[in-house]
Amino acid sequence: QVQLVESGGGLVQAGDSLRLSCVVSGPPFSNYHLGWFRQAPGKEREPVATITWSGYSSKYTDSVKGRFTISRDNDKNTVYLQMNSLRPGDGAVYYCAASTSWPMNDPNHINFWGEGTLVTVSS
């Protein structure tokens, strides 16, 4: 069983930065593509940034391109999301996700989820 534990969320002001981390335990870390999804109140869960098992390819939703960076450290079994120039619209619960399928566009095709970490951005 794969377990994902997120950390790093919090309350920040618009323009600030945060780095989310997700530690993955269980079967070999490198077996999975990883990603970050987010869900705001009243909205569907959406992919924010995803990265292949090798780390060589990543995808971002348009609204975060140039501001967010996803990375993974296969030695530490950890995936990160560096979020810069945060906006109030970025506020949501951010979920770490692991999948054997690529691309990771559809939440219904995710194999494992973390419990989420809340990011709140004040204006």
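Report follows, based on the coordinates. Treat the numbers as computed from the prediction; the structure is a model and nothing was measured.

## Focus on the sheet that holds strand 7 (residues 68-73)
- Read from one edge of the open sheet, four strands run 1-3-8-7, paired in antiparallel fashion. Two strands bound the open sheet, and with one partner strand each, they are strand 1 (3-7) and strand 7. Each strand of the sheet is rotated relative to its neighbour by a mean of 15°, with strand direction disregarded.
- Across five bridges, strand 1 lies against strand 3 (residues 18-25) in antiparallel orientation. Looking at strand 3, one finds that Val5 is bridged to Val23.

## Overview of the side chain of Arg38
- Looking at where Arg38 falls in the secondary structure, it is placed in strand 4 (residues 33-39).
- By relative accessible area, which is 6% here, Arg38 ends up buried.
- Within polar-contact distance, the side chain of Arg38 engages the side chain of Asp90 at 3.1 Å.
- A polar atom in the side chain of Arg38 sits 3.0 Å from the side chain of Tyr94.
- If near-sequence neighbours (up to four positions away) are discounted, Arg38 is found in contact with Glu44, Arg45, Glu46, Val48, Ser63, Val64, Phe68, Gly89, Asp90, Ala92, Val93 and Tyr94.

## Quick word on the nonpolar core
- Core analysis: the biggest nonpolar cluster contains 28 residues, and Trp36, Leu81, Met83 and Tyr94 have the highest contact counts within it.
- Not counting chain neighbours up to four residues away, the residues in contact with Met83 comprise Asp16, Ser17, Leu18, Leu20, Arg67, Phe68, Tyr94 and Val119.

## Thoughts on the pairing of strand 9 (residues 92-99)
- Burial runs high along strand 9: seven of the eight residues are buried.
- Bridge count for strand 9 against strand 11 (residues 117-122) is three bridges, and the pairing is antiparallel. Within the sheet, the bridge partner assigned to Ala92 lies in strand 11 and is Val119.
- As judged from the two bridges shared by strand 9 and strand 10 (residues 112-113), these two strands associate in the antiparallel manner. Residue pairing across strands places Ala97 opposite Trp113, the latter belonging to strand 10.

The rules behind the values
Residues numbered from 1 in each chain as written. Predicted model: local features only at pLDDT ≥ 70, side-chain atom pairs only at ≥ 80, totals over all residues. Heavy atoms only, no water. Pairing = 2+ DSSP bridges. Helix = DSSP H or I, 4+ residues; strand = E, 2+ residues; numbered from the N terminus. Axes fitted to C-alpha atoms, helices over the stretch in contact; angles between N-to-C directions. Buried < 20%, exposed > 50% of the residue type's maximum accessible area, 1.4 Å probe, protein only. Polar contact = N/O pair within 3.5 Å; in protein donor to acceptor, adjacent residues only side chain to side chain. Contact = heavy atoms within 4.5 Å. Core = buried A, V, L, I, M, F, W, Y, C linked by side-chain atoms within 4.5 Å.

Everything listed is a geometric property; what it means functionally is a separate question.
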